[in-house]
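Structural overview
This is what each chain is made of:
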Amino acid sequence: MKSPKIITIGIKELAHQKVILAAWYNFLKENFDAKKVSAEEFTLYLQAHVMYDLDKDQIELMLSGTETLLEEFKKSIFG
């Protein structure tokens, strides 16, 4: 297993957190079903850390995965 990387996604509204986390879960599940992500990686990458940035007054979601996986996810949600 490759060393995981981390991306952060800043969100202002709590409802957006639910949407991003649901999208992340579905993205990981699709990659697991396609055998691009192992069961161990699926479990590890599903753990998202949440922080609150006081300076920016926003929530920061920290998602981990391989660099390729994270790039594909960013493309899928941000276009």
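One can find the structure itself at the top, above this paragraph.
Residues numbered from 1 in each chain as written. Predicted model: local features only at pLDDT ≥ 70, side-chain atom pairs only at ≥ 80, totals over all residues. Heavy atoms only, no water.

**Structural notes on the pattern of salt bridges**
Side chains that differ in charge, positive against negative, can pair when their charged atoms come close. Scanning all chains against the criterion turns up two salt bridges. Lys29 is the salt-bridge partner of Asp33, the closest N and O atoms lying 3.4 Å from each other. Remark: Lys29 and Asp33 occur in helix α1 (residues 14-33); sequence separation between them is four residues, near one turn of the helix. (Salt bridge = Lys/Arg side-chain N within 4 Å of Asp/Glu carboxyl O. Helix = DSSP H or I, 4+ residues; strand = E, 2+ residues; numbered from the N terminus.)

**What about the environment of Ile7?**
Mapping Ile7 onto the fold places it in strand β1 (residues 5-11). A sequence separation of 56 residues divides Ile7 from Leu63, and the C-alpha atoms of the two residues are 5.5 Å apart.

**Details of the sheet that holds strand β2 (residues 49-53)**
Pairing in this open sheet of three strands is antiparallel, and the strands run β1-β3-β2 from one edge to the other. Every interior strand has two partners, whereas the edge strands, β1 and β2, have only one. Each strand axis lies, on average, 25° off the axis of its neighbour in the sheet, ignoring direction. Sheet topology places β1 next to strand β3 (residues 58-65); seven bridges connect them, and they run antiparallel. Looking across to β3, one finds that Lys5 is bridged to Gly65. On the sheet, α1 packs against β1, β2 and β3 and is oriented at approximately 10° with respect to β3. (Pairing = 2+ DSSP bridges. Axes fitted to C-alpha atoms, helices over the stretch in contact; angles between N-to-C directions. Contact = heavy atoms within 4.5 Å.)

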